[in-house]
There are 2 protein chains.
Amino acid sequence: MNRPLLQLALDHTSLNQALQSVSALRNHVDIIEAGTILCISEGLQAVRALRQMCPDSIIVADLKVADAGETLATEAFDAGANWMTVICAAPLATVIKAHQVAQSRGGEIQIELFGNWTLDDAKAWRAAGVRQAIYHRGRDAQASGQSWSQQDLDRMKQLSDLGLELSITGGITPQDLALFKDISVRAFIAGRALSEVEHPKEVAQAFHQQIDEIWGASR
Amino acid sequence: MNRPLLQLALDHTSLNQALQSVSALRNHVDIIEAGTILCISEGLQAVRALRQMCPDSIIVADLKVADAGETLATEAFDAGANWMTVICAAPLATVIKAHQVAQSRGGEIQIELFGNWTLDDAKAWRAAGVRQAIYHRGRDAQASGQSWSQQDLDRMKQLSDLGLELSITGGITPQDLALFKDISVRAFIAGRALSEVEHPKEVAQAFHQQIDEIWGASR
(Lines give C-alpha, C1' and ligand atoms only; values in the text may rest on other atoms or scores of the structure.)
Protein backbone atom coordinates (compact mmCIF):
# COMPACT_ATOMS: atom_id res chain seq x y z
CA MET A 1 0.00 0.00 0.00
CA ASN A 2 1.38 3.38 -0.98
CA ARG A 3 2.21 5.96 1.64
CA PRO A 4 -0.68 8.43 1.91
CA LEU A 5 0.03 12.01 0.89
CA LEU A 6 -0.88 15.18 2.79
CA GLN A 7 -3.23 17.59 1.04
CA LEU A 8 -3.77 21.21 2.02
CA ALA A 9 -7.34 22.33 1.32
CA LEU A 10 -7.72 26.06 0.78
CA ASP A 11 -11.23 27.08 1.77
CA HIS A 12 -10.60 30.79 1.99
CA THR A 13 -13.02 33.27 0.44
CA SER A 14 -10.07 35.46 -0.57
CA LEU A 15 -7.39 34.33 -3.00
CA ASN A 16 -4.79 36.55 -1.31
CA GLN A 17 -5.35 34.86 2.03
CA ALA A 18 -5.21 31.45 0.38
CA LEU A 19 -1.89 32.29 -1.26
CA GLN A 20 -0.45 33.36 2.10
CA SER A 21 -1.34 29.96 3.46
CA VAL A 22 0.30 28.27 0.46
CA SER A 23 3.37 30.37 0.88
CA ALA A 24 3.75 29.14 4.47
CA LEU A 25 2.98 25.48 3.75
CA ARG A 26 3.92 24.64 0.16
CA ASN A 27 7.09 22.82 1.16
CA HIS A 28 5.33 20.86 3.90
CA VAL A 29 2.42 19.34 1.98
CA ASP A 30 2.21 17.06 -1.06
CA ILE A 31 -1.00 18.30 -2.70
CA ILE A 32 -2.65 21.72 -2.82
CA GLU A 33 -6.41 21.94 -3.22
CA ALA A 34 -8.37 24.94 -4.43
CA GLY A 35 -11.43 24.26 -2.26
CA THR A 36 -15.00 24.79 -3.39
CA ILE A 37 -15.38 27.97 -1.33
CA LEU A 38 -12.26 29.45 -2.92
CA CYS A 39 -13.20 28.38 -6.46
CA ILE A 40 -16.70 29.83 -6.12
CA SER A 41 -15.53 33.03 -4.47
CA GLU A 42 -12.70 33.75 -6.88
CA GLY A 43 -13.34 31.53 -9.89
CA LEU A 44 -10.75 29.42 -11.69
CA GLN A 45 -8.21 32.24 -11.53
CA ALA A 46 -7.54 30.66 -8.12
CA VAL A 47 -6.31 27.45 -9.80
CA ARG A 48 -4.27 29.44 -12.29
CA ALA A 49 -2.61 31.38 -9.47
CA LEU A 50 -1.79 28.17 -7.58
CA ARG A 51 -0.32 26.56 -10.70
CA GLN A 52 1.86 29.62 -11.23
CA MET A 53 3.00 29.67 -7.61
CA CYS A 54 3.55 25.89 -7.37
CA PRO A 55 4.53 24.66 -10.83
CA ASP A 56 5.50 21.18 -9.61
CA SER A 57 2.74 20.43 -7.09
CA ILE A 58 -0.31 18.26 -7.56
CA ILE A 59 -3.18 20.75 -7.68
CA VAL A 60 -6.81 19.76 -7.10
CA ALA A 61 -9.80 21.79 -8.29
CA ASP A 62 -12.53 20.86 -5.81
CA LEU A 63 -15.44 21.82 -8.05
CA LYS A 64 -17.85 19.03 -7.01
CA VAL A 65 -19.05 18.88 -10.61
CA ALA A 66 -22.66 17.71 -10.94
CA ASP A 67 -23.31 18.39 -14.61
CA ALA A 68 -21.54 19.74 -17.69
CA GLY A 69 -18.63 17.38 -17.03
CA GLU A 70 -16.85 18.10 -20.29
CA THR A 71 -16.97 21.91 -20.06
CA LEU A 72 -15.98 22.10 -16.40
CA ALA A 73 -13.21 19.52 -16.74
CA THR A 74 -11.82 21.36 -19.74
CA GLU A 75 -11.88 24.64 -17.82
CA ALA A 76 -10.30 23.11 -14.72
CA PHE A 77 -7.49 21.23 -16.48
CA ASP A 78 -6.83 24.25 -18.72
CA ALA A 79 -6.43 26.31 -15.58
CA GLY A 80 -3.73 23.93 -14.38
CA ALA A 81 -5.44 21.36 -12.19
CA ASN A 82 -4.15 17.78 -12.03
CA TRP A 83 -7.22 16.38 -10.32
CA MET A 84 -10.82 17.60 -10.26
CA THR A 85 -13.68 16.48 -8.04
CA VAL A 86 -17.07 15.24 -9.32
CA ILE A 87 -19.92 14.81 -6.89
CA CYS A 88 -21.33 11.32 -6.41
CA ALA A 89 -24.82 12.60 -7.27
CA ALA A 90 -23.70 13.46 -10.80
CA PRO A 91 -25.22 11.32 -13.56
CA LEU A 92 -22.85 8.60 -14.79
CA ALA A 93 -22.73 10.40 -18.16
CA THR A 94 -21.18 13.40 -16.39
CA VAL A 95 -18.63 11.22 -14.60
CA ILE A 96 -17.66 9.59 -17.88
CA LYS A 97 -17.28 12.87 -19.78
CA ALA A 98 -15.21 14.45 -17.02
CA HIS A 99 -13.05 11.30 -16.79
CA GLN A 100 -12.46 11.34 -20.55
CA VAL A 101 -11.28 14.95 -20.48
CA ALA A 102 -9.07 14.19 -17.47
CA GLN A 103 -7.50 11.21 -19.20
CA SER A 104 -6.79 13.21 -22.33
CA ARG A 105 -4.89 15.71 -20.16
CA GLY A 106 -3.03 13.22 -18.01
CA GLY A 107 -5.25 14.16 -15.07
CA GLU A 108 -7.71 12.32 -12.88
CA ILE A 109 -11.13 12.88 -11.46
CA GLN A 110 -12.09 12.12 -7.88
CA ILE A 111 -15.64 11.20 -6.93
CA GLU A 112 -16.70 13.15 -3.86
CA LEU A 113 -18.91 10.97 -1.69
CA PHE A 114 -21.70 12.96 -0.07
CA GLY A 115 -25.19 11.89 0.93
CA ASN A 116 -26.79 8.97 -0.87
CA TRP A 117 -24.59 6.66 -2.93
CA THR A 118 -24.36 2.91 -3.26
CA LEU A 119 -21.69 0.30 -3.86
CA ASP A 120 -23.31 -0.24 -7.27
CA ASP A 121 -22.55 3.40 -8.06
CA ALA A 122 -18.96 2.80 -6.98
CA LYS A 123 -18.72 -0.24 -9.25
CA ALA A 124 -20.03 1.84 -12.16
CA TRP A 125 -17.41 4.53 -11.50
CA ARG A 126 -14.66 1.89 -11.43
CA ALA A 127 -16.00 0.34 -14.64
CA ALA A 128 -15.80 3.80 -16.23
CA GLY A 129 -12.11 3.92 -15.29
CA VAL A 130 -12.27 6.17 -12.24
CA ARG A 131 -9.54 5.42 -9.69
CA GLN A 132 -10.12 7.89 -6.89
CA ALA A 133 -12.84 8.91 -4.48
CA ILE A 134 -13.04 11.31 -1.56
CA TYR A 135 -14.59 10.14 1.65
CA HIS A 136 -15.97 13.14 3.39
CA ARG A 137 -17.21 13.90 6.83
CA GLY A 138 -18.88 17.17 5.90
CA ARG A 139 -18.15 20.47 7.59
CA ASP A 140 -21.77 20.86 8.63
CA ALA A 141 -22.03 17.19 9.61
CA GLN A 142 -18.97 17.63 11.85
CA ALA A 143 -20.41 20.76 13.37
CA SER A 144 -23.60 18.87 14.16
CA GLY A 145 -21.53 16.29 16.04
CA GLN A 146 -21.19 13.39 13.59
CA SER A 147 -17.88 11.59 14.08
CA TRP A 148 -15.94 8.83 12.27
CA SER A 149 -17.90 5.67 12.87
CA GLN A 150 -17.32 1.96 12.29
CA GLN A 151 -19.85 2.31 9.47
CA ASP A 152 -17.63 4.96 7.84
CA LEU A 153 -14.62 2.66 8.15
CA ASP A 154 -16.52 -0.35 6.78
CA ARG A 155 -17.70 1.60 3.74
CA MET A 156 -14.18 2.91 3.12
CA LYS A 157 -12.86 -0.65 3.23
CA GLN A 158 -15.49 -1.75 0.70
CA LEU A 159 -14.48 1.08 -1.62
CA SER A 160 -10.81 0.22 -1.18
CA ASP A 161 -11.57 -3.38 -2.04
CA LEU A 162 -13.19 -2.24 -5.31
CA GLY A 163 -9.89 -0.62 -6.23
CA LEU A 164 -10.74 2.98 -5.39
CA GLU A 165 -8.02 4.98 -3.68
CA LEU A 166 -9.52 7.26 -1.07
CA SER A 167 -8.72 10.75 0.04
CA ILE A 168 -10.14 11.29 3.49
CA THR A 169 -11.31 14.58 4.86
CA GLY A 170 -13.45 16.32 7.42
CA GLY A 171 -11.85 17.73 10.55
CA ILE A 172 -9.13 15.08 10.48
CA THR A 173 -6.25 15.29 12.96
CA PRO A 174 -2.93 13.42 13.20
CA GLN A 175 -4.42 11.43 16.07
CA ASP A 176 -7.15 10.06 13.77
CA LEU A 177 -4.85 8.53 11.16
CA ALA A 178 -4.43 5.11 12.72
CA LEU A 179 -8.16 4.52 12.18
CA PHE A 180 -7.50 4.24 8.46
CA LYS A 181 -4.54 1.85 8.42
CA ASP A 182 -6.35 -0.92 6.53
CA ILE A 183 -7.68 1.39 3.82
CA SER A 184 -6.10 2.37 0.52
CA VAL A 185 -5.54 6.05 1.30
CA ARG A 186 -4.26 8.35 -1.44
CA ALA A 187 -4.27 11.44 0.74
CA PHE A 188 -5.36 12.93 4.01
CA ILE A 189 -6.93 16.31 3.41
CA ALA A 190 -6.65 19.02 6.04
CA GLY A 191 -7.97 22.53 5.71
CA ARG A 192 -8.48 24.67 8.76
CA ALA A 193 -6.46 22.16 10.83
CA LEU A 194 -3.44 23.34 8.82
CA SER A 195 -4.23 26.87 7.74
CA GLU A 196 -5.94 28.24 10.83
CA VAL A 197 -3.47 27.22 13.50
CA GLU A 198 -0.65 29.11 15.12
CA HIS A 199 2.08 26.73 13.96
CA PRO A 200 1.01 25.24 10.63
CA LYS A 201 4.37 23.67 9.78
CA GLU A 202 4.44 21.80 13.07
CA VAL A 203 0.96 20.41 12.41
CA ALA A 204 2.03 19.32 8.92
CA GLN A 205 5.05 17.61 10.47
CA ALA A 206 2.82 15.84 12.98
CA PHE A 207 0.74 14.49 10.08
CA HIS A 208 3.85 13.25 8.25
CA GLN A 209 5.25 11.64 11.42
CA GLN A 210 2.01 9.77 12.02
CA ILE A 211 1.86 8.68 8.37
CA ASP A 212 5.45 7.42 8.59
CA GLU A 213 4.74 5.55 11.80
CA ILE A 214 1.63 3.85 10.44
CA TRP A 215 2.54 3.26 6.79
CA GLY A 216 6.28 2.94 7.35
CA ALA A 217 7.51 4.55 4.16
CA SER A 218 9.76 7.56 4.34
CA ARG A 219 8.93 10.77 2.51
CA MET B 1 -51.54 27.91 -9.27
CA ASN B 2 -49.21 30.81 -10.00
CA ARG B 3 -48.09 31.55 -13.50
CA PRO B 4 -44.62 30.07 -14.05
CA LEU B 5 -41.77 32.51 -14.63
CA LEU B 6 -39.11 32.34 -17.33
CA GLN B 7 -35.51 32.02 -16.16
CA LEU B 8 -32.44 32.70 -18.28
CA ALA B 9 -29.52 30.44 -17.29
CA LEU B 10 -26.11 31.85 -18.11
CA ASP B 11 -23.69 28.98 -18.62
CA HIS B 12 -20.98 30.94 -20.36
CA THR B 13 -17.35 30.52 -19.36
CA SER B 14 -16.81 34.24 -19.92
CA LEU B 15 -18.57 36.94 -17.92
CA ASN B 16 -18.44 39.35 -20.85
CA GLN B 17 -20.31 36.95 -23.10
CA ALA B 18 -22.84 36.30 -20.35
CA LEU B 19 -23.46 40.02 -19.93
CA GLN B 20 -24.05 40.38 -23.68
CA SER B 21 -26.74 37.74 -23.42
CA VAL B 22 -28.29 39.53 -20.45
CA SER B 23 -28.22 42.80 -22.32
CA ALA B 24 -30.25 41.26 -25.16
CA LEU B 25 -32.72 39.38 -22.95
CA ARG B 26 -33.10 41.20 -19.62
CA ASN B 27 -36.46 42.71 -20.54
CA HIS B 28 -37.79 39.40 -21.86
CA VAL B 29 -37.15 37.09 -18.92
CA ASP B 30 -38.26 37.12 -15.27
CA ILE B 31 -35.22 35.59 -13.56
CA ILE B 32 -31.51 35.66 -14.37
CA GLU B 33 -29.32 32.77 -13.26
CA ALA B 34 -25.56 32.81 -12.86
CA GLY B 35 -25.03 29.19 -13.89
CA THR B 36 -22.54 26.85 -12.28
CA ILE B 37 -20.16 27.06 -15.24
CA LEU B 38 -20.18 30.87 -15.07
CA CYS B 39 -19.79 30.98 -11.27
CA ILE B 40 -16.89 28.54 -11.36
CA SER B 41 -15.18 30.19 -14.30
CA GLU B 42 -15.49 33.75 -13.05
CA GLY B 43 -16.34 33.43 -9.35
CA LEU B 44 -18.99 35.41 -7.51
CA GLN B 45 -17.99 38.60 -9.29
CA ALA B 46 -20.42 37.23 -11.91
CA VAL B 47 -23.33 37.57 -9.45
CA ARG B 48 -22.15 41.03 -8.40
CA ALA B 49 -22.03 42.14 -12.06
CA LEU B 50 -25.53 40.79 -12.72
CA ARG B 51 -26.92 42.55 -9.65
CA GLN B 52 -25.37 45.81 -10.81
CA MET B 53 -26.73 45.41 -14.34
CA CYS B 54 -30.20 44.22 -13.25
CA PRO B 55 -30.95 45.84 -9.88
CA ASP B 56 -34.61 44.77 -9.89
CA SER B 57 -34.39 41.21 -11.27
CA ILE B 58 -34.53 37.98 -9.34
CA ILE B 59 -30.97 36.64 -9.53
CA VAL B 60 -30.07 33.01 -8.88
CA ALA B 61 -26.60 31.81 -7.89
CA ASP B 62 -26.52 28.21 -9.15
CA LEU B 63 -23.75 27.03 -6.86
CA LYS B 64 -25.08 23.50 -6.22
CA VAL B 65 -23.77 23.81 -2.65
CA ALA B 66 -22.82 20.45 -1.11
CA ASP B 67 -21.12 21.59 2.09
CA ALA B 68 -20.21 24.78 3.93
CA GLY B 69 -23.79 25.98 3.58
CA GLU B 70 -23.39 28.96 5.85
CA THR B 71 -20.22 30.34 4.24
CA LEU B 72 -21.37 29.86 0.66
CA ALA B 73 -24.85 31.24 1.31
CA THR B 74 -23.36 34.28 3.02
CA GLU B 75 -21.04 34.83 0.05
CA ALA B 76 -23.82 34.35 -2.51
CA PHE B 77 -26.40 36.59 -0.83
CA ASP B 78 -23.75 39.22 -0.10
CA ALA B 79 -22.93 39.20 -3.81
CA GLY B 80 -26.55 40.03 -4.58
CA ALA B 81 -28.30 36.72 -5.21
CA ASN B 82 -31.97 36.28 -4.28
CA TRP B 83 -31.95 32.50 -4.61
CA MET B 84 -29.11 29.98 -4.31
CA THR B 85 -29.08 26.32 -5.25
CA VAL B 86 -28.09 23.48 -2.88
CA ILE B 87 -27.53 20.02 -4.27
CA CYS B 88 -29.83 17.23 -3.07
CA ALA B 89 -26.80 15.18 -1.99
CA ALA B 90 -25.87 17.80 0.60
CA PRO B 91 -26.25 16.72 4.24
CA LEU B 92 -29.44 18.03 5.83
CA ALA B 93 -27.26 20.14 8.16
CA THR B 94 -25.95 21.99 5.09
CA VAL B 95 -29.46 22.53 3.73
CA ILE B 96 -30.60 23.92 7.08
CA LYS B 97 -27.64 26.28 7.45
CA ALA B 98 -28.00 27.61 3.91
CA HIS B 99 -31.75 28.03 4.43
CA GLN B 100 -31.20 29.96 7.66
CA VAL B 101 -28.81 32.38 5.97
CA ALA B 102 -31.24 32.77 3.04
CA GLN B 103 -34.14 33.51 5.37
CA SER B 104 -32.15 36.11 7.30
CA ARG B 105 -31.50 37.91 3.99
CA GLY B 106 -35.02 37.60 2.56
CA GLY B 107 -33.75 35.04 0.04
CA GLU B 108 -34.50 31.41 -0.67
CA ILE B 109 -32.61 28.24 -1.39
CA GLN B 110 -33.55 25.79 -4.10
CA ILE B 111 -32.71 22.11 -3.83
CA GLU B 112 -31.23 20.87 -7.09
CA LEU B 113 -32.39 17.31 -7.72
CA PHE B 114 -29.69 15.20 -9.31
CA GLY B 115 -29.04 11.47 -9.03
CA ASN B 116 -30.26 9.63 -5.94
CA TRP B 117 -32.81 11.29 -3.72
CA THR B 118 -35.97 10.08 -2.05
CA LEU B 119 -39.36 11.47 -1.11
CA ASP B 120 -38.23 11.19 2.52
CA ASP B 121 -35.42 13.61 1.68
CA ALA B 122 -37.99 15.94 0.13
CA LYS B 123 -40.13 15.74 3.27
CA ALA B 124 -37.09 16.61 5.39
CA TRP B 125 -36.33 19.64 3.19
CA ARG B 126 -39.93 20.81 3.51
CA ALA B 127 -39.84 20.28 7.27
CA ALA B 128 -36.72 22.47 7.37
CA GLY B 129 -38.71 25.22 5.65
CA VAL B 130 -37.43 24.86 2.09
CA ARG B 131 -40.02 25.86 -0.52
CA GLN B 132 -38.28 25.32 -3.84
CA ALA B 133 -36.59 22.57 -5.80
CA ILE B 134 -35.14 22.29 -9.28
CA TYR B 135 -36.04 19.30 -11.37
CA HIS B 136 -33.23 18.73 -13.77
CA ARG B 137 -32.74 16.71 -16.87
CA GLY B 138 -28.95 17.03 -16.88
CA ARG B 139 -26.98 18.32 -19.84
CA ASP B 140 -25.03 15.09 -20.10
CA ALA B 141 -28.16 13.02 -19.54
CA GLN B 142 -29.85 14.89 -22.39
CA ALA B 143 -26.85 14.38 -24.63
CA SER B 144 -26.98 10.66 -23.92
CA GLY B 145 -30.60 10.63 -25.09
CA GLN B 146 -32.64 10.67 -21.85
CA SER B 147 -35.94 12.48 -22.36
CA TRP B 148 -38.80 13.65 -20.11
CA SER B 149 -40.57 10.49 -19.00
CA GLN B 150 -43.82 9.69 -17.23
CA GLN B 151 -41.61 8.79 -14.26
CA ASP B 152 -40.19 12.32 -14.28
CA LEU B 153 -43.69 13.78 -14.37
CA ASP B 154 -44.93 11.49 -11.58
CA ARG B 155 -42.01 12.45 -9.33
CA MET B 156 -42.58 16.14 -10.05
CA LYS B 157 -46.24 15.73 -9.10
CA GLN B 158 -45.25 14.06 -5.82
CA LEU B 159 -42.88 16.92 -5.03
CA SER B 160 -45.59 19.47 -5.91
CA ASP B 161 -48.00 17.68 -3.62
CA LEU B 162 -45.49 18.02 -0.76
CA GLY B 163 -45.61 21.79 -1.27
CA LEU B 164 -42.38 22.24 -3.19
CA GLU B 165 -42.49 24.67 -6.09
CA LEU B 166 -40.40 23.37 -8.96
CA SER B 167 -38.19 25.05 -11.46
CA ILE B 168 -37.77 22.79 -14.45
CA THR B 169 -34.73 22.65 -16.67
CA GLY B 170 -32.78 20.60 -19.15
CA GLY B 171 -33.12 21.35 -22.86
CA ILE B 172 -36.68 22.56 -22.38
CA THR B 173 -38.54 24.10 -25.35
CA PRO B 174 -41.85 26.00 -25.58
CA GLN B 175 -43.39 22.86 -27.07
CA ASP B 176 -42.60 20.89 -23.88
CA LEU B 177 -44.45 23.16 -21.46
CA ALA B 178 -47.88 21.54 -21.67
CA LEU B 179 -46.35 18.39 -20.14
CA PHE B 180 -46.08 20.23 -16.83
CA LYS B 181 -49.56 21.72 -16.54
CA ASP B 182 -50.52 19.78 -13.40
CA ILE B 183 -47.32 20.65 -11.55
CA SER B 184 -46.58 23.61 -9.31
CA VAL B 185 -43.98 25.29 -11.53
CA ARG B 186 -42.11 28.32 -10.20
CA ALA B 187 -40.02 28.77 -13.34
CA PHE B 188 -38.95 27.23 -16.59
CA ILE B 189 -35.22 27.54 -16.99
CA ALA B 190 -33.69 27.90 -20.43
CA GLY B 191 -30.02 28.35 -21.17
CA ARG B 192 -28.67 27.67 -24.61
CA ALA B 193 -32.25 27.54 -25.97
CA LEU B 194 -32.35 31.28 -25.28
CA SER B 195 -28.78 32.48 -25.46
CA GLU B 196 -27.46 30.44 -28.38
CA VAL B 197 -30.18 31.08 -30.94
CA GLU B 198 -30.40 33.60 -33.74
CA HIS B 199 -33.52 35.33 -32.41
CA PRO B 200 -33.45 35.06 -28.61
CA LYS B 201 -36.29 37.54 -28.00
CA GLU B 202 -38.63 35.59 -30.25
CA VAL B 203 -37.84 32.38 -28.37
CA ALA B 204 -38.52 34.14 -25.06
CA GLN B 205 -41.84 35.38 -26.47
CA ALA B 206 -42.73 31.85 -27.56
CA PHE B 207 -42.13 30.66 -23.97
CA HIS B 208 -44.33 33.43 -22.57
CA GLN B 209 -47.09 32.74 -25.10
CA GLN B 210 -47.13 29.07 -24.22
CA ILE B 211 -47.14 29.85 -20.50
CA ASP B 212 -50.07 32.24 -21.02
CA GLU B 213 -51.98 29.67 -23.04
CA ILE B 214 -51.50 26.90 -20.50
CA TRP B 215 -51.64 28.79 -17.20
CA GLY B 216 -53.97 31.56 -18.39
CA ALA B 217 -52.54 34.44 -16.38
CA SER B 218 -51.22 37.49 -18.15
CA ARG B 219 -47.74 38.80 -17.54
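Within an unreviewed UniProt entry, the label attached to chain A reads 3-dehydro-L-gulonate-6-phosphate decarboxylase, and the organism entered is Obesumbacterium proteus ATCC 12841. As stated in UniProt under Catalytic activity (unreviewed entry), the record for chain A gives "3-dehydro-L-gulonate 6-phosphate + H(+) = L-xylulose 5-phosphate + CO2". Reading the Sequence similarities (unreviewed entry) entry of the UniProt record for chain A gives the comment "Belongs to the HPS/KGPDC family. KGPDC subfamily."

Caption draft 1: Layout of the overall build of chain A. Looking only at helices and strands, one finds 10 helices and 8 strands in chain A. Since a compact globule built from 219 residues should have a radius of gyration of about 17 Å, the 16 Å found for chain A is in line with a globular shape. Oriented by its inertia axes, the alpha-carbon framework of chain A measures out at about 45 × 40 × 35 Å. In chain A, buried positions account for 58% of the 219 residues. Looking at chain A alone, contacts between residues at least 24 apart form 67% of all its contacts between residues at least 6 apart. Side chains of chain A give 19 positive and 26 negative charges; the mean places of these two sets differ by 3 Å.

Caption draft 2: Broad picture of the pattern of salt bridges. Residues and elements named next belong to chain B. Under the criterion given, the structure shown has 18 salt bridges over all chains. We note a salt bridge from E108 to R131, for which the minimum N-O separation is 3.8 Å. Placement of E108 in strand 5 (residues 108-113) and of R131 in the loop between helix 6 (119-127) and strand 6 (132-136) is noted, with a sequence separation of 23 residues between them. The buried category is assigned to E108, whose relative accessible area is 14%. Accessibility expressed as a relative area gives 44% for R131, which makes it partly exposed. Of the charged contacts, one joins D161 and K157 as a salt bridge, the two residues approaching to 2.9 Å between their closest N and O atoms.

Caption draft 3: Quick peek at helix 5 (residues 92-104) of chain A. Residues and elements named next belong to chain A. The terminal C-alpha atoms of helix 5 lie 18 Å apart, and with 13 residues this matches the ideal 18 Å at 1.5 Å per residue to within 8%. Those residues of helix 5 that sit buried are A93, T94, V95, A98, H99, V101 and A102. With its phi angle positive at about 70°, G106 sits one or two positions after the end of helix 5.

Caption draft 4: Just the sheet that holds strand 7 (residues 165-169) of chain A, in detail. Residues and elements named next belong to chain A. With respect to topology, 8 strands assemble into a closed barrel ordered 1-2-3-4-5-6-7-8, the strand pairing being parallel. When the angles between neighbouring strand axes are averaged without regard to direction, this sheet yields 25°. Where strand 3 (residues 58-65) and strand 4 (residues 83-87) come together, 3 bridges link them in parallel fashion. Across the sheet, A61 pairs through a bridge with M84, a residue of strand 4. In this fold helix 1 (residues 15-25) packs onto strand 1 (5-10) and strand 2 (31-34), with an angle of close to 155° to the strand it touches most, strand 1.

Caption draft 5: View of the packing of aromatic side chains. All names here are of chain A. With the rule as written, the count across this model stands at 6 aromatic pairs over all chains. On the basis of an interplanar angle of 45° and a centroid distance of 5.8 Å, the ring pair of F180 and F188 is categorised as tilted. We note that F180, like F188, is buried. Feature note: the residues W148, F180, F188 and W215 constitute an aromatic cluster, connected by ring pairs. Across from the ring centre of W117, 4.0 Å away, lies the NZ or CZ of R155, which sits over that ring.

Caption draft 6: Just the packing of helix 1 of chain A against helix 3 (residues 45-53) of chain A, in detail. All names here are of chain A. At a minimum axis distance of 11 Å, the contact between helix 1 and helix 3 shows a crossing angle of 25°. As summarised for this structure, helix 1 and helix 3 are arranged roughly parallel, according to the angle between their axes. Along this stretch, helix 1 crosses helix 3, giving a crossing that reads as right-handed. Contacts from L15, L19, V22 and S23 of helix 1 reach helix 3 at Q45, A46, A49, L50 and M53.

Caption draft 7: Looking closely at the environment of I183(A). All names here are of chain A. As for its position among the elements, I183 is in the loop between strand 7 and strand 8 (185-190). Residue class for I183 comes out buried when judged on its relative accessible area of 4%. In this structure, the C-alpha to C-alpha distance between I183 and E165, residues 18 residues apart in sequence, is 8.3 Å.

Scoring rules and cut-offs
Residues numbered from 1 in each chain as written. Chains lettered and ligands numbered in written order. Predicted model: local features only at pLDDT ≥ 70, side-chain atom pairs only at ≥ 80, totals over all residues. Heavy atoms only, no water. UniProt positions renumbered as here; feature names shortened; annotations may be inferred. Helix = DSSP H or I, 4+ residues; strand = E, 2+ residues; numbered from the N terminus. Rg over C-alpha atoms; globule rule 2.2 N^0.38 Å. Buried < 20%, exposed > 50% of the residue type's maximum accessible area, 1.4 Å probe, protein only. Contact = heavy atoms within 4.5 Å. Lys, Arg positive; Asp, Glu negative; His and termini not counted. Charge placed at Lys NZ, Arg CZ, Asp CG, Glu CD. Salt bridge = Lys/Arg side-chain N within 4 Å of Asp/Glu carboxyl O. Expected span 1.5 Å × (residues − 1). Pairing = 2+ DSSP bridges. Axes fitted to C-alpha atoms, helices over the stretch in contact; angles between N-to-C directions. Phe/Tyr/Trp six-rings, centres within 6.5 Å; stacked < 30°, edge-to-face > 60°. Lys NZ or Arg CZ within 6 Å of the ring centre and 35° of its normal. Parallel < 35°, antiparallel > 145°, perpendicular 65-115°, else oblique. Left-handed = near helix turned anticlockwise from the far one by under 90°.

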